[in-house]
Amino acid sequence: MLQDTRIRRPRIPPFRRRELPGIYLAVLVFGLVAPLLPPLDAGDLPRTPITAPVVEPEAPAAPPPVQVQLVAPAPVVARAAILNKLTDSHTVALTFDDGPDPRWTPRILEILQRHGAVATFCMVSSNAVGQEALVKQVVAAGMRLCDHSRTHDEQLPDRDKDRIDDEVVGAEATLSTAAGGAPVEWFRAPGGNWSTEVAELSAEHGMQPLSWNIDPRDWERPGADAIVAAVQQQILQQAPDGPIVLLHDGGGSREETVEALEKLIPWLAEQGYRFGFPVP
Ligand SMILES: [Zn+2]
């Protein structure tokens, strides 16, 4: 019975019946002799692990986070509705208008980078002509671009269609080229002077119309401490709306803005804000 069972197993080759006695004899002899042979040296044995394989230890834990928190960049889907606050009440979007300016933009960039913060730069495209390296430096530092028109014409809504096209769409092309092809994701009307036409035109060209809800009027140069105090007071009043802060890196001396920023970034971080971009 046992023999029949074994030769029916599919893995055993189909020996012819008359070969079987020889095979069984060989197996029997080996079974008798093998126990008498000296054991193999342990070094000759295959290195089969007895216990679970050793797992490589994981990489050391990441270093502690930088001073401020960032919000991961997300692509902006432009809508014609003007964005003037953030839905996420724990995120702050810093925005700098009227640059690029070779005197102030690099200093503001340095402060942002030193603190690990990000901001959106609303550039006047005529200021970007001849400052292409600075525009690229802004993008390379992890900042993002906003079109603030070609000439900062605060009467933009009153202009004819061709002029508006040039100030909105033409400026975007100039800025994107200066930036080496980086996207320009927002449009901010000069002086905050909007019309439905301007807002819709910017959205049609993939630029979210962008306003603000925190304005310390740094361009009036009230003193760095007054800029800091105004931002703090307005943010505490506006909460829980996520703040979009209007500051300037062009249009005159921004020494006070630079000094204020050194105090504002740590204060915002202490309030629990993450630094991000103006996404609805
Ligand atoms: Zn402006």
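Residues numbered from 1 in each chain as written. Predicted model: local features only at pLDDT ≥ 70, side-chain atom pairs only at ≥ 80, totals over all residues. Heavy atoms only, no water.

The name given to the protein in an unreviewed UniProt entry is Polysaccharide deacetylase family protein, with Pseudonocardia charpentierae as the source organism.

Let's shift gears to helix 7 (residues 196-204). Within the span of helix 7, buried status applies to Val198, Ala199, Leu201, Ser202 and Ala203. Residues of helix 7 that are buried in the fold lie against helix 6 (161-178), strand 5 (184-187) and strand 6 (208-209). After helix 7 finishes, the residue glycine 206 shows a positive phi value of roughly 80°. (Buried < 20%, exposed > 50% of the residue type's maximum accessible area, 1.4 Å probe, protein only. Helix = DSSP H or I, 4+ residues; strand = E, 2+ residues; numbered from the N terminus. Contact = heavy atoms within 4.5 Å.)

So, about the coordination of the zinc ion. Distances from the zinc ion to its protein donors, Asp98 (OD), His148 (NE2) and His152 (NE2), fall at 2.1 Å. In the primary sequence, the donor residues of the zinc ion line up as D-x49-H-x3-H. With aspartate 98 in the loop between strand 2 (91-97) and helix 3 (105-115) and histidine 148 in the loop between strand 4 (144-147) and helix 6, this residue pair connects regions lying 50 residues apart in the sequence. With respect to burial, aspartate 98 and histidine 148 carry one shared label: buried. (Donors = N, O, S within 2.8 Å, 3.2 Å for Na, K, Ca; no water.)

Two side chains carrying opposite charge are able to pair once their charged atoms lie near each other. Per the counting criterion, the structure on display carries 15 salt bridges. A salt bridge links arginine 144 to glutamate 185; the nearest nitrogen and oxygen atoms lie 2.5 Å apart. Of the two residues, arginine 144 sits in strand 4 while glutamate 185 sits in strand 5, which places them 41 residues apart along the sequence. The same class applies to arginine 144 as to glutamate 185, namely buried. With a closest N to O distance of 2.9 Å, arginine 163 and aspartate 153 form a salt bridge. (Salt bridge = Lys/Arg side-chain N within 4 Å of Asp/Glu carboxyl O.)

With that settled, the discussion passes to the nonpolar core. Generally speaking, a soluble globular protein has its nonpolar side chains buried in company with each other. Residues Leu94, Phe96, Leu112, Phe121 and Leu261 are the most contacted members of the largest nonpolar core, which totals 60 residues. Examining the composition of this core, we find that seven residues originate from one element, helix 9 (residues 255-270), more than from any other. Sequence-distant contacts of leucine 112, that is, excluding residues within four places in its chain, are made with Leu94, Phe96, Ala117, Val118, Ala119, Phe121, Met143, Leu261 and Ile265. (Core = buried A, V, L, I, M, F, W, Y, C linked by side-chain atoms within 4.5 Å.)

Below, the discussion takes up the layout of surface pockets. As a volume, the largest pocket reaches approximately 230 Å³. His152, Glu154, Gly191, Trp219 and His248 are, among the 17 residues lining the largest pocket, the residues nearest its centre. When grouped by side-chain class, the residues that make up the lining of the largest pocket number three nonpolar, seven polar and seven charged. (1 Å grid on protein atoms, 1.4 Å probe; cavity = no way out; pocket = protein on both sides within 12 Å on 5 of 7 lines; lining within 4 Å. Points joined across faces, edges and corners; volume = space filled by probe spheres on them. Nonpolar A, V, L, I, M, F, W, Y, C, P; charged D, E, K, R; others polar.)

The subject of this paragraph is the packing of aromatic side chains. Using the criterion set out here, one finds three aromatic pairs in the structure. For the ring pair phenylalanine 96 and phenylalanine 121, a centre distance of 5.4 Å and an interplane angle of 25° mean the geometry is stacked. Remark: phenylalanine 121 occurs in strand 3 (residues 119-123) and phenylalanine 96 occurs in strand 2; sequence separation between them is 25 residues. The exposure classification of phenylalanine 96 matches that of phenylalanine 121, with both residues buried. Ring plane angle 75° and centroid distance 5.9 Å describe the contact between phenylalanine 187 and tryptophan 194, whose orientation is recorded as edge-to-face. (Phe/Tyr/Trp six-rings, centres within 6.5 Å; stacked < 30°, edge-to-face > 60°.)

For the rest of this paragraph, the subject is the environment of aspartate 101. Considering the arrangement of structural elements, one finds aspartate 101 in the loop between strand 2 and helix 3. Assessed through its relative accessible area of 6%, aspartate 101 is described here as buried. Along the chain, aspartate 101 and aspartate 249 lie 148 residues apart, while their C-alpha atoms are 6.6 Å from each other. Aside from chain neighbours lying at most four places away, what touches aspartate 101 is Pro106, Leu134, Asp249 and Gly250.

Where helix 3 meets helix 9, the closest approach of the two axes is 10 Å, and the angle between their N-to-C directions is 10°. Put simply, helix 3 runs roughly parallel to helix 9. Judged by residue contacts, Arg107, Ile108, Ile111, Leu112, Arg114 and His115 of helix 3 engage Glu255, Val258, Leu261, Glu262, Ile265 and Pro266 from helix 9. (Axes fitted to C-alpha atoms, helices over the stretch in contact; angles between N-to-C directions. Parallel < 35°, antiparallel > 145°, perpendicular 65-115°, else oblique.)

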